[in-house]
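# An overview of the molecular structure
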Amino acid sequence: MTRTMSEAPTLPAPRGPVSEAVLSVLRGDRPALPAVDGSAPYGEDLQLALYCCYELHYRGFREVDPDREWDPAVLRIRAELEGLFLSALRDDVPAGADVGSELDALLVEHVDAFGVSHHLRRHGQLWQLREYVAHRSLYHLKEADPQTFVIPRLNGPPKAALVTVQHDEYGAGAPERAHSKLFADMMTELGLCTDYGAYLDSAPAEILAEVNLMSLCGLHRGLRGALIGQFATIELTSSPGSDRLVKAMRRLGCSPAALRFYAEHVEADAVHEQLVRRGVIAPLLSAEPELAPDVVFGIRASMFLAARSDDLLLRHWNRGESSFRDGVDGRKP
Amino acid sequence: MAEARRRVIVTGEGPILVYGPVDVEMPDGTRVHSDRVVTALCACGRSRHRPFCDTSHRRRVRDDEGKEHGP
Ligand SMILES: [Fe+2]
Ligand SMILES: [Fe+2]
């Protein structure tokens, strides 16, 4: 069950001409590269291609030479994909520079809001919870890693506070308490496969886009303000959302061991919220006030992509359909 | 020594933040501990995870009426 780096995931199936070309570049071929500029920025083909380029900076793929990580051919196509994704996001989310009121808005609980966690709490079914957890595994099995890329791009108090949060995410010295490990334990309890990358083929573009935004902002120093906005969005909204998921799992009769991941996040993220606002954002903006528009962009882009994922899942489930794109169904283990 | 004193932040909006591991004695004499680097202790009285903060102090609104909702 414990997999080493050498047991990296296998490459996913392509979803169109661009991902097909990227996969063959990763395998070491030199195909004629298709024009990227016509691809839908949030579409399956582009998001999968981008996800695979980024994965080289995490655990890589079994069939891919680790040296591809810095291969100019990969970086060139990645830059084109990033350009399309980023400019679509810049067009789709309104610009702003008032970080304080943006954070205040995230701290208000909307009693009648309706997202995936609200649905699961009130009347979601076990197979829907399993699908949600499988989709989320793309991030949570590498939880906190995309945000760790920002550490060397910070200095002084914001760096110290961000590392304090990350230390907690990684288990505060106890690997069995790392959030990625608690997530894997929950997957086991739910009968899901805990292999890193096991649900990549199942995940629709909307889910990939959320992880791609984290990788994009984490890997570009110029987007560090946006990374901090993305980080704040997770930490500020996670505690109440996790509480709804704990209630959903109790209602569905899940074991106490399965509940641990979300129960831990109710308390941990109540602390992380405070550290992010007081320890990271406040001193960062007083030292570098010019980062404010990018922090707002990071918050709004995260919320925008999260809403797209919520819509997609609820649309499928309302029709009684699986949200897995490969026909594997959350109803069957 | 001032440096050895524990840092405590009274946020005024919700929890009290305590730096370092804490051992909390509850009204019924039971003890709860937290070994987080920072612990958020509930100071609003609404947490269902007392003595720890669970963000229940946050303002709640009902969007269809646009007005505040009780805790
Ligand atoms: Fe976490
Ligand atoms: Fe967190």
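Residues numbered from 1 in each chain as written. Chains lettered and ligands numbered in written order. Predicted model: local features only at pLDDT ≥ 70, side-chain atom pairs only at ≥ 80, totals over all residues. Heavy atoms only, no water.

Chain B carries the name Iron-binding protein in an unreviewed UniProt entry, which gives Streptomonospora alba as its organism.

Labelled according to an unreviewed UniProt entry, chain A appears under the name Iron-containing redox enzyme family protein, originating from Streptomonospora alba.

### Observations regarding the environment of M187 of chain A
All names here are of chain A. Mapping M187 onto the fold places it in helix α9 (residues 179-189). Among the residues examined, M187 registers a relative accessible area of 0% and is labelled buried. Taking C-alpha positions, M187 is 34 Å from D92, a pair spaced 95 residues apart along the chain. Contact partners of M187, with chain neighbours within four places excluded, come to V133, S137, L141, L192, C193, T194 and Y199. (Helix = DSSP H or I, 4+ residues; strand = E, 2+ residues; numbered from the N terminus. Buried < 20%, exposed > 50% of the residue type's maximum accessible area, 1.4 Å probe, protein only. Contact = heavy atoms within 4.5 Å.)

### Quick notes on the layout of surface pockets
All names here are of chain A. What the largest pocket holds in volume is close to 1,300 Å³. What lines the largest pocket is a set of 49 residues, and nearest its centre among them are T233, T237, S238, M303 and A306. For the lining of the largest pocket, the class distribution of residues is 22 nonpolar, 15 polar and twelve charged. (1 Å grid on protein atoms, 1.4 Å probe; cavity = no way out; pocket = protein on both sides within 12 Å on 5 of 7 lines; lining within 4 Å. Points joined across faces, edges and corners; volume = space filled by probe spheres on them. Nonpolar A, V, L, I, M, F, W, Y, C, P; charged D, E, K, R; others polar.)

### Here's the deal with the coordination of the iron ion (ligand 2)
All names here are of chain A. Surrounding the iron ion (ligand 2) are the protein donor atoms E169 (OE), E235 (OE), E235 (OE), D269 (OD) and H272 (ND1), at 2.0 to 2.7 Å. Within one chain, the residues serving as donors to the iron ion (ligand 2) are arranged as E-x65-E-x33-D-x2-H. Between the two metals, the iron ion (ligand 2) and the iron ion (ligand 1), the spacing is 3.8 Å, and E169 donates to both. Placement of the pair is E235 in helix α11 (residues 224-251) and H272 in helix α12 (residues 256-287), with a sequence separation of 37 residues. (Donors = N, O, S within 2.8 Å, 3.2 Å for Na, K, Ca; no water.)

### Observations concerning the sheet that holds strand β2 (residues 16-19) of chain B
Residue and element names in this part refer to chain B. Read from one edge to the other, the open sheet built from three strands follows the order β1-β2-β5, with strand pairing classed as antiparallel. Taken across any chain shown, the strands that pair with only one partner, and hence form the sheet edges, are β1 (8-10) and β5 (38-41). Within this sheet the neighbouring strands show an average axis-to-axis angle of 15 degrees, counted without direction. The pairing of β2 with β5 spans four bridges and is classified as antiparallel. Counted as the bridge partner of Y19 is V38 from β5. (Pairing = 2+ DSSP bridges. Axes fitted to C-alpha atoms, helices over the stretch in contact; angles between N-to-C directions.)

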